[in-house]
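What follows is each chain in one-letter form.
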Amino acid sequence: MSNRSLAAPGRRRFPLVPTAALLLGAVYCLLPVAWVLVASTKSGSELFSTFSFLPGSGFTDNVADLTAYREGVYWKWMANSAFYAGVGALLSTAVSAVSGYALAVYRFRGKETVFNILLAGVLMPPVILAVPQYLLLAEADLTDSYLSVLLPLVLSPYGVYLARIYAAAAVPADVIEAGRMDGGSEWRIFRTIALPMMLPGLVTVFLFQFVAVWNNFLLPYIMLGDDEKFPVTLGLYTLLQQGSTTPALYTLVITGALLAITPLIALFLVIQRFWSLDLLSGAVKS
């Protein structure tokens, strides 16, 4: 009998290599966040003269200086980001829900072609689409406006893909047929039956899209010229560019970067109970 068979039934082997790889990945991802957290507590003089991970004493002063900079333009950037991300994610989730449900439930000619085009859109780098989107919106005289940032974000190929996969798994075909036999319209069946079943997946789509829009830099950089309409990513970039001639602005950039990630953390904590780690979990219900 081997030694493995003599081991205690409840004892498990410690997966050393996977655990070490996960720890290294966590350190790699969290180390920059830890540096920003510590650096935001330092004054301008402490930032360049003390050890990188030694906390300072200037966090409240940094926040006050950031708030006072150009009469609080930073908080205008934060409000713009909240508007772009909130409205953009809601619209994108709504479009993804309707499109994904239609691709999962209905049969029509060209269905697979449409889905394959969406998959190609998932693989398409955003940088390739940015310039054509700018030229199209310039023809419509919409550049340097809030719509120039919102409209390209409404259709998310990845969101449609996720919604389609989740709808196919979470919405049983016999439930839809039962709704039709009861005389329900297609819109009513979608709104009252399918949509509640798809809710965990749609929350996932919303969260992904919110984070993507909040962190978006290239599209606003190309579309916008008025810094009053900048999101926080583009606003902090302009501050960083000015920091080469005014080093005191570096502390504002670092403090602003720290404050900019707090809404994402808060959003995740609020809606984490809806988070669906397994997009195919709805298949068990059917």
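Residues numbered from 1 in each chain as written. Predicted model: local features only at pLDDT ≥ 70, side-chain atom pairs only at ≥ 80, totals over all residues. Heavy atoms only, no water.

## Digging into the overall build of the protein chain
When its secondary structure is counted, the protein chain shows 14 helices and 0 strands. Start at the N end of the protein chain and walk to the C end: the helices and strands fall as α-α-α-α-α-α-α-α-α-α-α-α-α-α. When each of the 286 residues of the protein chain is scored for burial, the buried share is 35%. For the protein chain, long-range pairs separated by at least 24 residues make up 72% of all intrachain contacts whose partners lie at least 6 apart in sequence. (Helix = DSSP H or I, 4+ residues; strand = E, 2+ residues; numbered from the N terminus. Buried < 20%, exposed > 50% of the residue type's maximum accessible area, 1.4 Å probe, protein only. Contact = heavy atoms within 4.5 Å.)

## Things to note about helix 11 (residues 186-214)
Compared with the 42 Å implied by 1.5 Å per residue over 29 residues, the 34 Å span of helix 11 between its first and last C-alpha is markedly short. Its axis deflected by about 60° at Leu-199, helix 11 carries its strongest bend there, up to four residues before the proline Pro-200. (Expected span 1.5 Å × (residues − 1). Bend = angle between axes of the 7 residues up to and from the residue.)

## Topic: the nonpolar core
Ranked by size, the top nonpolar core spans 35 residues in total, and within it Tyr-74, Trp-77, Phe-210, Trp-214, Val-232 and Leu-239 carry the most contacts. Of all the secondary structure elements, the ones that give two or more residues to this core are helix 5 (73-105), helix 8 (146-150), helix 11, helix 12 (218-223), helix 13 (232-242) and helix 14 (249-271). The contacts of Trp-214, once residues within four sequence positions are left out, are Met-78, Ser-81, Ala-82, Ala-85, Val-232, Thr-233, Ala-260, Pro-263 and Leu-264. Residues Tyr-101, Ala-167, Phe-190 and Leu-202 belong to the second largest nonpolar core, which totals 13 residues. (Core = buried A, V, L, I, M, F, W, Y, C linked by side-chain atoms within 4.5 Å.)

## Things to note about the pattern of salt bridges
What the rule picks out here adds up to 5 salt bridges. Between Glu-228 and Arg-70 there is a salt bridge, with its nearest N and O atoms 4.0 Å apart. Of this pair, Glu-228 sits in the loop between helix 12 and helix 13 while Arg-70 is found in the loop between helix 4 (59-68) and helix 5, placing the two residues 158 residues apart along the sequence. Measuring nitrogen to oxygen at the nearest pair gives 2.9 Å for the salt bridge that ties Arg-180 to Glu-186. Judged by relative accessible area, which is 29%, Arg-180 ranks as partly exposed. Salt bridges linked by common partners bring Arg-70, Asp-227 and Glu-228 together as one network. (Salt bridge = Lys/Arg side-chain N within 4 Å of Asp/Glu carboxyl O.)

## Overview of the packing of helix 2 (residues 16-39) against helix 14
Relative to each other, helix 2 and helix 14 sit at 120°, their axes nearing to 8 Å. The angle between the axes of helix 2 and helix 14 places the two elements in the oblique class. When you trace helix 2 past helix 14, the crossing you get is left-handed. Taken together, the residues of helix 14 that come into contact with helix 2 (itself represented by Val-33, Trp-35, Val-36, Leu-37 and Ala-39) are Ile-254, Leu-258 and Ile-261. Among the residues forming the contact of helix 2 with helix 14, the class breakdown is 8 nonpolar, no polar and no charged. (Axes fitted to C-alpha atoms, helices over the stretch in contact; angles between N-to-C directions. Parallel < 35°, antiparallel > 145°, perpendicular 65-115°, else oblique. Left-handed = near helix turned anticlockwise from the far one by under 90°. Nonpolar A, V, L, I, M, F, W, Y, C, P; charged D, E, K, R; others polar.)

## Describing the packing of helix 10 (residues 173-181) against helix 11
One way to put it is that helix 10 packs onto helix 11 with a least axis distance of 10 Å and a crossing angle of 145°. Crossing geometry of helix 10 relative to helix 11 is assigned as right-handed. Residue-level inspection shows Val-175, Ile-176, Gly-179 and Arg-180 of helix 10 in contact with helix 11, the latter providing Glu-186, Ile-189, Ile-193 and Met-197. Residues that form the contact of helix 10 with helix 11 fall into these classes: 5 nonpolar, 1 polar and 2 charged.

## Overview of a nonpolar patch on the surface
A cluster of nonpolar side chains, contributed by Val-27, Leu-31, Trp-35, Phe-51, Phe-53 and Leu-54, occupies part of the molecular surface with about 590 Å² of accessible area. Mapped onto the elements, Phe-53 comes out in the loop between helix 3 (44-49) and helix 4. Residue Phe-53 is classed as partly exposed on the basis of its relative accessible area of 37%. (Patch = residues over 30% accessible without salt bridge, like charges linked within 9 Å, V, L, I, M, F, W, Y side chains within 5 Å. Areas by Shrake-Rupley, 256 points an atom, 1.4 Å probe, with all protein chains shown as cover.)

## With respect to the packing of aromatic side chains
Under the counting rule described, the total for this entry stands at 15 aromatic pairs. Ring plane angle 40° and centroid distance 5.6 Å describe the contact between Trp-187 and Phe-190, whose orientation is recorded as tilted. Here Trp-187 and its partner Phe-190 are both found in helix 11, 3 residues apart, which amounts to about one turn of the helix. With relative accessibility at 55%, the residue Trp-187 sits in the exposed group. One residue, Arg-164, lies across the ring of Phe-115, its end atom 4.2 Å from the ring centre. (Phe/Tyr/Trp six-rings, centres within 6.5 Å; stacked < 30°, edge-to-face > 60°. Lys NZ or Arg CZ within 6 Å of the ring centre and 35° of its normal.)

## Focus: the confidence of the model for the protein chain
Scored by pLDDT, the protein chain has a mean of 85; 90% of the residues are at 70 or more. Ranking the helices and strands of the protein chain by mean pLDDT puts helix 5 first, with 94, and helix 1 (residues 3-6) last, with 48. Here residues 276-286 is a poorly scored stretch, pLDDT under 50, and it has 15 contacts once near neighbours within four places are set aside; other chains count. (pLDDT = per-residue confidence, 0-100.)

## Focus: helix 13
Counting along an α-helix, one turn takes 3.6 residues, and residues three or four places apart therefore face a common direction. Restricting attention to buried positions, one finds in helix 13 the residues Val-232, Leu-234, Gly-235, Leu-236 and Leu-239. On the buried face of helix 13, the contacting elements are helix 5, helix 11, helix 12 and helix 14.

## Looking at the environment of Val-98
Looking at where Val-98 falls in the secondary structure, it is placed in helix 5. The class of Val-98 is partly exposed, set by a relative accessible area of 44%. For the pair Val-98 and Arg-191, spaced 93 residues apart in sequence, the C-alpha to C-alpha distance is 9.8 Å.

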